[in-house]
Amino acid sequence: MADRRSEIEFSCTACGACCDRDGWVFLTLTDVQKLQEHFKLSPEEFKAQYLSKYGRYTILKEHPKGGCWFAHTAEGKCPIYEVRPEQCRTYPYWPDHYHDPDWFKGESKECPGIKVL
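Below: a short report on this structure. (Residues numbered from 1 in each chain as written. Predicted model: local features only at pLDDT ≥ 70, side-chain atom pairs only at ≥ 80, totals over all residues. Heavy atoms only, no water.)

**Notes on the packing of aromatic side chains**
What the rule picks out here adds up to 15 aromatic pairs. Ring centres 5.9 Å apart and planes at 85° place the aromatic pair Phe10 and Tyr91 in the edge-to-face group. With Phe10 in strand 1 (residues 8-10) and Tyr91 in the loop between helix 3 (86-90) and helix 4 (103-110), this pair connects stretches of sequence that are 81 residues apart. With relative accessibility at 26%, the residue Phe10 sits in the partly exposed group. Here Tyr91 falls in the buried class, since its relative accessible area comes to 6%. Ring geometry for Tyr91 and Trp94: centres 5.2 Å apart, planes at 65°, overall edge-to-face. Every member of this aromatic cluster is reached through a ring pair, and the members are Phe10, Tyr91, Tyr93, Trp94, Tyr98, Trp103 and Phe104. (Phe/Tyr/Trp six-rings, centres within 6.5 Å; stacked < 30°, edge-to-face > 60°. Helix = DSSP H or I, 4+ residues; strand = E, 2+ residues; numbered from the N terminus. Buried < 20%, exposed > 50% of the residue type's maximum accessible area, 1.4 Å probe, protein only.)

Okay, here's the thing in structure tokens:
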């Protein structure tokens with residue numbers, strides 16, 4: 001699959017548009033460990049409060065309003081930005097979207113930080 005990163009310029013505006021929509025945040029073991037340490041919770045407490053399963057994958061629970069659990073804060077800022085999961089850190093450069101030539105174009109309508117070249 002071709003690397004299509006050169007087709008866009010991306011600069012996060014911290015608007016939260018990518019966080020405040022339906023979808024799952026898949027977590028690596030490293031993500032879980034960083035978040036657990038960040039919140040100073042035991043593995044059991046962290047799992048009960050924030051984790052769910054999607055098949056064999058560990059995901060963040062969705063907020064009842066939809067989107068990422070952490071997207072709905074009073075401050076409107078991501079409280080886990082410094083330890084955000086890999087999926088969040090690599091947005092919008094997700095290889096599973098590279099097969100769709102119009103994905104960046106469509107995503108740029110949702111995300112003000114994406115500029116299609």
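There is more to say, and it comes next.
**Focus: the pairing of strand 2 (residues 51-54)**
On any regular strand, side chains alternate: one points to one face of the sheet, the next to the other face. With 4 bridges connecting them, strand 2 and strand 3 (residues 57-60) associate as antiparallel partners. Bridge assignment links Tyr54 to a residue of strand 3, and that residue is Tyr57. A loop of 2 residues connects strand 2 with strand 3, the two strands running antiparallel in sequence, and Gly55 in this loop sits at a positive phi of about 60°. (Pairing = 2+ DSSP bridges.)

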